[in-house]
Amino acid sequence: MHYVILGAGAAGLKAAERLRILDQKGRITVVAEDVSPVSRCLLHHYIAGARALDDLSFVPSYFFGENNIRFINKSACPSIDFDQKVMRLHNGERLRYDRLLIATGARAVLPPVPGLAQAGNVYTLRAFRDAEGIAEVCGTGDRTAVVIGAGLVGMDAAQALLQRGVKVHVVELADRVLPLYLDAPAARLYQTLFEQEGAAFHTGTAVTSAQQNGAGQVCSLVLANGETVPCDFVVVASGARPNLAFSSQKSGNIPRTSSAIEVDDHMRTSTPDVYAAGDVTGISGIWPLAVKQGIVAAENMAGKDSVYQDTFSKINALNFCGLPALSIGEVNPPEDTDSAIETLTSGAVYKKFVTENGILRGALLVGDIAGGGFYAAMVKRGIPLKRAAQRWNENFTDHFAVDEKARYFYAEPTPR
Ligand SMILES: Cc1cc2nc3c(=O)[nH]c(=O)nc-3n(C[C@H](O)[C@H](O)[C@H](O)COP(=O)(O)OP(=O)(O)OC[C@H]3O[C@@H](n4cnc5c(N)ncnc54)[C@H](O)[C@@H]3O)c2cc1C
């Protein structure tokens, strides 16, 4: 049996590890564009100069050797023949597979701003080469950057650029930073901290055009509110889509919605022996769920009957300017719901709880994230608050199982 995995990210490598546990004899090959396994969540540390490439890996250096996995790096796959079960690599190699997992993640998308896509000094932040490009353009001199988008990726980039001594402007369409995770008071806390580091924010407005100099570089951005922001380079962090770059016309028909690969609850596509996991499925865009999908895909590839159940993706940990936060569930409920909101502010700590009919729907913890595991389980499982038999103080629940009374217990380890 030859298992081929396209993508060495969260889903791909977790699947490879699980496959090796379940099938000691099968051949496993991982193909990736990346030079080495890199955690996207750590890329900003490379830009900031705080970590080298080797320190961005999320698997130990002996991972491939010890698990007897062939790793073909720096090799994009331009097409797959699903009928013949052959993958064609950029280096000319043709790779036959028995079972294939597509785990190519997501790709950054540029907003349709005139003058942006064609310019030479516009960067996204998704792969190591993006981080390398940004680190290089920071240089050592007096530079000004505009970051488009104040989500997790944009704020990661902004923080790293500030650490490099770059002057940073952040433009955000919503009325606040980190709008998917924070409410207005929490967003204000973070914005103030960034401003103290020297960042300038332009919220509630959009970039409408990019002005280029004679060298084809963006030299200023024009905003919908009438402002013009001069800059030396631009980092775009305003959205991502499933990465279907491998899926050229020659790739035949891989089932997909308009932008993602469709899978069933076994992470199977409807093409025989082809599975998909992680951001490429469009199910979620967070690391822990990509890992879980990789595990389920691998188990089914190895002949087990494994169902993907965890679709709760509204949990995000943030840590900017030394201030940690945990955003769980619905922290900005629509006004027309029956939600009750309770907030607590004490010094640098801000907490908000959203309940509806006795059930915790959302929790926002800023400055003190203790109890986060408890709240996450309550929101995720919709357990009525009055049934909570005990309150425990675990910050992360992914490694624990939770019963119907919100008591946690250690799940049995999966046998090798
Ligand atoms: C800057 C940044 C910060 C983030 N921070 C967080 C965070 O704090 N918390 C969180 O939960 N999530 C975070 N995320 C999201 C998280 O990284 C993703 O959800 C997760 O990496 C998805 O895993 P994946 O395996 O689907 O894809 P990825 O980890 O992106 O891996 C994709 C793999 O596919 C390979 N590949 C792509 N195309 C091809 C091709 N044509 N041929 C060969 N190989 C190919 C790539 O080289 C790579 O190895 C962040 C993302 C970014 C970009």
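Refer to the structure presented above.
Here the structure is a predicted model, which is why all the values come from computation and not from measurement. (Residues numbered from 1 in each chain as written. Predicted model: local features only at pLDDT ≥ 70, side-chain atom pairs only at ≥ 80, totals over all residues. Heavy atoms only, no water.)

*Asks:* Teacher, can you tell me more about the site of the ligand here?
*Replies:* Around the ligand lies a shell of 30 residues, among which Ala8, Ala11, Cys77, Asp279 and Trp287 are the nearest. Ala10 is positioned with one of its backbone polar atoms (N or O) 3.1 Å from an oxygen atom of the ligand. Residue Ala103 places a main-chain N or O atom 3.4 Å away from an oxygen atom belonging to the ligand. Protein burial of the ligand: of its 1,000 Å² of free accessible surface, 92% is covered by the chains. (Near = heavy atom within 4 Å. Polar contact = N/O pair within 3.5 Å; in protein donor to acceptor, adjacent residues only side chain to side chain. Areas by Shrake-Rupley, 256 points an atom, 1.4 Å probe, with all protein chains shown as cover.)

*Asks:* What exactly am I supposed to notice about the packing of aromatic side chains here?
*Replies:* Aromatic ring pairs are defined here through the distance separating the ring centres and the angle between the ring planes. The full count for this structure, using the stated rule, is 10 aromatic pairs. Ring centres of Phe58 and Trp287 lie 4.9 Å apart, and the angle between their planes is 90°; on these two criteria the pair is classed as edge-to-face. On the criterion of sequence distance, the pair formed by Phe58 in the loop between helix H2 (43-48) and helix H3 (63-66) and Trp287 in helix H7 (residues 287-301) is long-range, its members being 229 residues apart. Taking relative accessible area as the criterion, Phe58 reaches 27% and is therefore assigned partly exposed. Assessed through its relative accessible area of 27%, Trp287 is described here as partly exposed. Three or more aromatic residues link up through ring pairs in this structure, and these residues are Tyr190, Phe194, Phe201 and Phe320. (Phe/Tyr/Trp six-rings, centres within 6.5 Å; stacked < 30°, edge-to-face > 60°. Helix = DSSP H or I, 4+ residues; strand = E, 2+ residues; numbered from the N terminus. Buried < 20%, exposed > 50% of the residue type's maximum accessible area, 1.4 Å probe, protein only.)

*Asks:* Would you take a moment to explain helix H6 (residues 184-196) for this structure?
*Replies:* Every α-helical turn comprises 3.6 residues, leaving residues that sit three or four positions apart pointing alike. Helix length check: H6, at 13 residues, gives a terminal C-alpha distance of 18 Å against a target of 18 Å (1.5 Å per residue), a fit within 8%. Those residues of H6 not exposed but buried are Ala186, Ala187, Tyr190, Gln191 and Phe194. Seen end-on, H6 carries its buried residues on one side only, within an arc spanning 135°. Exposed and oriented more than 90 degrees from the buried face of H6 are Arg188 and Gln196. The inward-facing, buried residues of H6 contact helix H5 (152-163), strand E12 (200-203), strand E19 (315-320), strand E20 (323-329), strand E22 (349-356) and strand E23 (359-366). (Expected span 1.5 Å × (residues − 1). Arc of directions from axis to C-beta. Contact = heavy atoms within 4.5 Å.)

*Asks:* It is not clear to me how the packing of helix H1 (residues 10-22) against H7 should be interpreted in this structure. Could you clarify?
*Replies:* In a packed pair of helices, the relevant descriptors are the angle between the two axes and the axis-to-axis distance. Between H1 and H7, the shortest axis-to-axis distance is 7 Å and the interhelical angle comes to 35°. When you trace H1 past H7, the crossing you get is right-handed. Every residue of H7 that contacts H1 at Ala10, Ala11, Lys14, Ala15, Arg18, Leu19 and Leu22 is listed here: Trp287, Ala290, Val291, Gly294, Ile295, Ala298, Glu299 and Met301. Looking at side-chain class alone, the contact of H1 with H7 contains 11 nonpolar, 1 polar and 3 charged residues. (Axes fitted to C-alpha atoms, helices over the stretch in contact; angles between N-to-C directions. Left-handed = near helix turned anticlockwise from the far one by under 90°. Nonpolar A, V, L, I, M, F, W, Y, C, P; charged D, E, K, R; others polar.)

*Asks:* I tried to follow unusual backbone geometry on my own but got confused; where do I start?
*Replies:* Both trends apply: most residues other than glycine have a negative phi, and most peptide bonds are in trans. Phi is positive for Lys74, which is not a glycine, with a value near 45°. Mapped onto the elements, Lys74 comes out in the loop between strand E3 (70-72) and strand E4 (79-81). The phi dihedral of Leu178 is positive, around 45°, even though this residue is not glycine. Take Leu178: it is sitting in the loop between strand E11 (167-172) and H6.

*Asks:* Hey, could you run me through the sheet that holds strand E15 (residues 228-230) in this one?
*Replies:* Within a beta sheet, neighbouring strands are joined by backbone hydrogen bonds and run either parallel or antiparallel to one another. A sheet is described by the order of its strands in space; here 3 strands give the open sequence E13-E14-E15, paired in antiparallel fashion. Of all the strands in the sheet, just strand E13 (207-212) and E15 have a single pairing partner and so form its edges. Averaged over all pairs of adjacent strands, the angle between strand axes in this sheet comes to 25°, irrespective of strand direction. Pairing geometry for strand E14 (residues 218-223) and E15, over 3 bridges, is antiparallel. Bridging across to E15, Ser220 finds its partner in Pro230. (Pairing = 2+ DSSP bridges.)

*Asks:* Just to check I follow, could you spell out the environment of Ala119 for this structure?
*Replies:* Residue placement: Ala119 occurs in the loop between strand E8 (106-108) and strand E9 (122-124). Separated by 114 residues in sequence, Ala119 and Phe233 have C-alpha atoms that sit 9.6 Å apart. Beyond its immediate chain neighbours, meaning those up to four positions away, Ala119 contacts Gln212, Gly216 and Val218.

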